[in-house]
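Geometric and topological summary
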Amino acid sequence: MISWLLLNGVILIIAYLLGATPSGYWIGSWFYGIDIREQGSGSTGATNVLRTIGKWPALAVLVIDILKGVLAIALVRYIYSLLFVQNLTIAAGIPDVYIAKEWMVILAGLIAIFGHTKSIWIGFKGGKSVASSLGILLAMSWVVGLGALSVFAVFLAISRIVSLSSIIATISVSGLMFFTGQPLPYEIFAVAGGMYVILRHRSNIERLLAGQEPRIGQKLSTES
C-alpha cells in the first residue's frame, strides 16, 4: 500500500509541475522583457498575452497550455498501463485497476488545473486554466473536449468576449459528460474543475455585470 501511495504521490507532483509551467510568463519575460503578471489583468494565460503582447505569443501560450493538460492525463494512463503498476494496485487492495486509474486521472487533472493557477515558479500566481482544462478534457474524452470547444467558439463568435465564452463552455462540460455517458469520476471532475475555473473568473464576472469586460482586440479599461 505504501509503495502504491508513494507512486501516486509522485504522479500528482509531476501533474502539478506540468500544470504550473508558466508559459505565458516565460514567453513574456524571455522574448519581450515583460512581466505578464504586471500587465492587463495580471493573468499569465493566452488571453492576457494576446491583449498585451500579441497574437503569435498568445497562440504559443495557448498550444503549450493545452499540451500540458494533455500530458498530465497521458502520464497517468501510461503509468497505469504498466504491468508492475497494475500488480502494485491490486496488492494495495484495489482489485479494479481501471477504476483506480480513472480516479487518478481526475486527481491529476484537478491538480494540474490548480498548478496552472498557482505556479510554484512565479510566486503561486498564474492563469485561469481554461486552455489547460481543454487539454485535460481532450485527453479524457475527445468528444467532450471538442464539444466544449465548439460551445466556446459559437459564443465567442457571437459575443467576442473570451471570458464569457469560457464560462459558458465550462458550464456546458457537465452536461456533455452526462449526455455522452462518461464515467462518474469524469462527471465529478467536470463539476469540481468547472467550479474552480469559474471561481478564477470572479473579476471577469464583475466586469461582465458592469458592462466593462473587453471584447477581442480591446484593452482592459479597469485593471483587476
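For every chain, the first residue of its written sequence is number 1, and the numbers climb from 1 along that sequence. It should be noted that, the model being predicted, local features are given only for residues of pLDDT at least 70 and side-chain atom pairs only at 80 or more, the latter also being counted only at that level, while totals for whole chains, interfaces and linings use all residues. Hydrogens are left out, water is left out, and the side-chain values use all remaining heavy atoms of the structure.

The name given to the chain in an unreviewed UniProt entry is Glycerol-3-phosphate acyltransferase, with the source organism recorded as Okeania hirsuta. UniProt positions are given in the numbering used here, feature names are shortened, and annotations may be inferred rather than shown by experiment. Of the chain, the UniProt comment under Pathway (unreviewed entry) reads exactly: "Lipid metabolism; phospholipid metabolism." In the Subcellular location (unreviewed entry) part of its UniProt record, the chain is described as follows: "Cell membrane".

Comments concerning the overall build of the chain
Working definition: helices are DSSP H or I runs of at least four residues, strands are E runs of at least two. Numbering for both runs from the N terminus. For the chain, the count of helices and strands is 11 helices and 0 strands. Secondary structure elements in the chain, listed N-terminal to C-terminal, are α-α-α-α-α-α-α-α-α-α-α. Relative to the 2.2 N^0.38 estimate, which gives 17 Å for 224 residues, the radius of gyration of the chain is 18 Å and therefore close to what a compact globule would have. Overall, the C-alpha framework of the chain stretches about 60 × 40 × 25 Å when taken along its three principal axes. In what follows, a contact means two residues having at least one pair of non-hydrogen atoms within 4.5 Å. Pairs at least 24 residues apart make up 67% of the contacts formed inside the chain by residues separated by at least 6 positions. Here the open area of atoms and residues is found with the Shrake-Rupley method and a 1.4 Å probe, where only the protein chains shown may cover a residue. As presented, the chain carries roughly 11000 Å² of accessible surface, and 71% of it is formed by carbon and sulfur atoms. Neither His nor the chain termini are counted; the positive set is Lys and Arg, and the negative set is Asp and Glu. To locate a charge, take NZ of a lysine, CZ of an arginine, CG of an aspartate or CD of a glutamate. Here the chain contributes 15 positive and 9 negative side-chain charges, whose respective centroids are spaced 6 Å apart. Atoms counted for the radius of gyration: C-alpha only. Globule rule: 2.2 Å times the number of residues to the power 0.38.

Observations regarding the side chain of Ser119
Take Ser119: it is sitting in the loop between helix 6 (97-117) and helix 7 (130-140). Counting of polar contacts relies on pairs of N or O atoms within 3.5 Å, with two restrictions inside protein: one atom must be capable of donating a hydrogen and the other of accepting it, and residues adjacent in sequence are counted only when both atoms are side-chain atoms. Side-chain polar atoms of Ser119 contact the backbone oxygen of Ala20, separated by 2.6 Å. Leave out the neighbours within four places in its chain, and Ser119 touches Tyr16, Ala20, Pro22, Phe124 and Lys125.

Digging into the layout of surface pockets
In this analysis a 1.4 Å probe is tested at points of a 1 Å grid over the protein atoms alone, and where it fits but cannot get out there is a cavity; an open set with protein on both sides within 12 Å along at least five of seven lines is a pocket; lining residues have an atom within 4 Å of a point. Grid points are joined across faces, edges and corners, and a volume is the space filled by probe spheres set on the points. If you add up the space inside the largest pocket, you get close to 840 Å³. Thr47, Val130, Phe152, Val162 and Ser166 are, among the 43 residues lining the largest pocket, the residues nearest its centre. Secondary-structure elements contributing two or more residues to the lining of the largest pocket are helix 3 (46-52), helix 4 (55-81), helix 6, helix 7, helix 8 (142-159), helix 9 (162-179), helix 10 (184-199) and helix 11 (202-210). All amino acids are sorted into three groups, where Ala, Val, Leu, Ile, Met, Phe, Trp, Tyr, Cys and Pro are nonpolar, Asp, Glu, Lys and Arg are charged, and the leftover types, Gly among them, are polar. Each residue belonging to the lining of the largest pocket can be placed in one class, and the counts come to 22 nonpolar, 15 polar and 6 charged.

A look at empty space enclosed by the protein
Applying the stated rule across the entire model yields 1 cavity of 30 Å³ or more. Put simply, the largest cavity is a space of about 40 Å³. Lining the largest cavity are Gly19, Ala20, Thr21, Pro22, Ser23, Gly24, Thr44, Asp65, Lys68, Gly115, His116 and Gly126. Looking at the lining of the largest cavity, the elements that each hand over two or more residues are helix 1 (2-20), helix 2 (23-32), helix 4 and helix 6. For the lining of the largest cavity, the residue count by class is 2 nonpolar, 8 polar and 2 charged.

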